[in-house]
Amino acid sequence: MNHHQWALTPPMGWNSWDCYGAAVREEEIRGNAEYMAEHLLKFGWDYVVVDIQWSEPGAVSSHYRPFVPLEMDEYSRLIPDANRFPSSAGGQGFRPLSEYVHSLGLKFGIHIMRGIPRQAVHAGTAIKGTTATARDIAHTNSICPWNTDMYGIDPRKEGAQAYYDSLFELYAEWGVDFVKVDDIAASRLYGIHAEEIRMIRRAIDKCGRDMVLSLSPGPAPLDHAELLKDNANMWRMTDDFWDIWRLLYEMFERAEKWAPHVGPGQWPDCDMLPLGHLGIRSVDGGGADRWTRFTKDEQVTMMTLWSIFRSPLMFGGEMRDNDEWTLSLLTNEEILKAHRDGRNARMVYREEDRTAWTSEDENGQIYVALFNLREEETEVSVTLSQLDLTGAYAIRDLWAKRDIGSASDQVSAVLPPHASAFYALTKA
């Protein structure tokens, strides 16, 4: 089966990075999974993803400790640290945790780094399914500029594919549904790692389990769009995204460029949603323990852009601390329907930081999003002719969940700074 079939709509879930950095613990994964099952599953949120360095016994924040020992099996494969993930003791790996997540009706995901552990290479440890060792397949000049855990893999070496095959064989045994691979879609040192992406695709296809493949970090190069679509389900089109207006402002241009490549099973990724309670043990993004620095208008603007563009939605905050406002952003059925069912999203225009986007669903409903990216209140409008529409259309405000009249000429809204409006238009 083509891998696109595993993510026909943009994946929706939670990732531990924005609140716990590299230091998330099993009880926090279980607790957030329970919250998702109770409050969000019925709205389509179903992935629970353990982010980076789950094999690092001493991880305390989003700052990586360089060159520290990691937990590893006899085949050069990293395994969960049993102090942070007690159910993994005795060689069980993530299987018990994934079974618990599955028991809640959810899906389980993990983050990994491209390549093979440096400690395996230095020790010359074995690789399952081949006589080659870790030392034989490593590309020791192919390193991550911000993390010291791994060397890249030389795809020309005997045993290289066997190593990736053994990794995903293990993840299939654990019951993994989603794998986020880092230091691969883009690198400050090397650009995209095309051959390792292809090796991972082959390994997933061989492992016997459907796994959504997410590639990080960004910005992924637009000129490699076909490679990304051929091998992955989602890929970051941005570097780490945080609760900073400048980063949200810049996302509009990225979305405009990537919009033609959005489609079933292939999702350019705006990165996580830094909403709610952030930075508990993650100090990236210029802030420690805090609630999101985005204003309410900016939070709505982010959700509106992610939804009409159809980015994957990965919530970043500690879900158990969500207030009513934050939960409301995640459970608006009409917004989520536009996210799930929209097609052919495109920017209609952008002038003086007023911008309009549109998409449509298969039933002929037209979605229109208006954005004020300026620093002062302004009116933003779009004409029906700009939307290639004629006649009269009933207008529904999706965030307010109410009908607000009709239009035969234009749709407009007076918006505060950094604010947005999201409408559905139906032929009157």
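Residues numbered from 1 in each chain as written. Predicted model: local features only at pLDDT ≥ 70, side-chain atom pairs only at ≥ 80, totals over all residues. Heavy atoms only, no water.

### Let's talk about the overall build of the chain
The cut-off we apply is this: Comment: elements are numbered from the N terminus, with helices defined as DSSP H or I runs of at least four residues and strands as E runs of at least two. Here the radius of gyration uses the C-alpha set of atoms, whereas the globule reference equals 2.2 Å times the residue count to the power 0.38. Accessibility here uses a 1.4 Å probe with only protein chains present; expressed as a share of the type maximum, an area under 20% marks a residue as buried, one over 50% as exposed, and anything in between as partly exposed. The contact criterion used is simple: two residues touch if any of their non-hydrogen atoms lie within 4.5 Å. A residue counts as positive if it is Lys or Arg and as negative if it is Asp or Glu; His and the chain ends are not included. By convention, the charge on Lys lies at NZ, on Arg at CZ, on Asp at CG and on Glu at CD.
Counting secondary structure elements, the chain contains 12 helices and 21 strands. A globule of 428 residues ought to have a C-alpha radius of gyration of about 22 Å, and the chain, at 22 Å, matches this closely. Along the three orthogonal principal directions, the C-alpha set of the chain runs to about 70 × 40 × 35 Å. The buried share of the chain, reckoned over its 428 residues, is 60%. Here the contacts in the chain between residues at least 6 apart in sequence split such that 73% fall between residues at least 24 apart. Counting 43 positive and 64 negative side-chain charges, the chain places the centres of these two groups 3 Å from one another.

### Thoughts on the pairing of strand β15 (residues 354–360)
The line we're drawing: Strand pairing follows a simple DSSP-based rule, namely that at least 2 bridges must link the two strands.
Here β15 lies mainly inside the structure; 5 of its 7 residues are buried. Two elements, strand β14 (residues 343–351) and β15, share 6 bridges in a ladder whose sense is antiparallel. Pairing of E351 across the sheet is with R354, part of β15. Direction of pairing for β15 relative to strand β16 (residues 366–372): antiparallel, over a ladder of 7 bridges. Within β16, the position partnered with A356 by the bridge is L370. Between β15 and β16, which pair antiparallel one after the other, the connecting turn spans 5 residues, and G364 there sits at a positive phi close to 90°.

### Considerations on the packing of aromatic side chains
Definition in use: Two rings from Phe, Tyr or Trp (for Trp, the six-membered ring) form a pair when their centres sit within 6.5 Å of each other. Planes less than 30 degrees apart are called stacked, planes more than 60 degrees apart edge-to-face, and all others tilted.
Under the criterion given, the structure shown has 18 aromatic pairs. For the ring pair F94 and W174, a centre distance of 5.5 Å and an interplane angle of 90° mean the geometry is edge-to-face. One end of the pair, F94, is in the loop between β2 (47–50) and α3 (95–103); the other, W174, is in helix α6 (residues 160–174), with 80 residues separating them in the sequence. Note on F94: relative accessible area 1%, which makes it buried. With a relative accessible area of 3%, W174 lands in the buried category. Ring geometry for F309 against W357: centres 6.3 Å apart, planes inclined by 85°, an arrangement best described as edge-to-face.

### So, the pairing of strand β21 (residues 420–427)
Residues in a regular strand point their side chains to alternate faces of the sheet. Among the 8 residues that make up β21, 6 are buried, leaving the element largely enclosed by the rest of the structure. The sheet contact formed by β16 and β21 spans 6 bridges and is antiparallel. Directly across from F371, in β21, lies its bridge partner S420. Across 5 bridges, strand β18 (residues 393–397) lies against β21 in antiparallel orientation. Within β21, the residue paired with A394 across the bridge is T426.

### Remarks on the sheet that holds strand β6 (residues 150–153)
The 3 strands are arranged β4-β6-β5 in an open sheet whose pairing can be described as antiparallel. The open sheet terminates on both sides in strands that have one partner only, identified here as β4 (116–117) and β5 (138–143). With 2 bridges joining them, β4 and β6 adopt antiparallel strand pairing. By the bridge assignment, I116 is partnered in β6 with Y151.

### Comments concerning the pattern of salt bridges
Using the following cut-off: Within this document, salt bridges are pairs made up of a side-chain nitrogen of Lys or Arg and a carboxyl oxygen of Asp or Glu, the two lying within 4 Å of each other.
Evaluation of the coordinates by the stated rule reveals 35 salt bridges. In this structure, D353 engages R350 in a salt bridge whose closest nitrogen and oxygen atoms are separated by 2.9 Å. The class of R350 is partly exposed, set by a relative accessible area of 29%. Ionic contacts of the salt-bridge type, sharing partners, join the residues K337, R340, D341 and D361 into one network.

### Brief notes about the UniProt feature "domain: Alpha galactosidase C-terminal" (unreviewed entry) in the chain
We apply this condition: UniProt positions are given in the numbering used here, feature names are shortened, and annotations may be inferred rather than shown by experiment.
As recorded in UniProt, the sites labelled "domain: Alpha galactosidase C-terminal" (unreviewed entry) are residues 353–424. Taken end to end, residues 353–424 comprises 0% helix and 58% strand; its first and last C-alpha atoms sit 22 Å apart.

### Quick notes on the environment of R281
Counted only if it meets this: Under this definition, polar contacts are N or O atom pairs within 3.5 Å; protein pairs additionally need one hydrogen-donor-capable and one acceptor-capable atom, and for neighbouring residues in sequence, both atoms have to be side-chain atoms.
The residue R281 is located in the loop between β11 (277–278) and β12 (290–291) in this model. Separated by 142 residues in the primary sequence, R281 and Y423 place their C-alpha atoms 38 Å from one another. Here E28 takes part through its side chain, which lies 2.6 Å from a polar atom of the side chain of R281.

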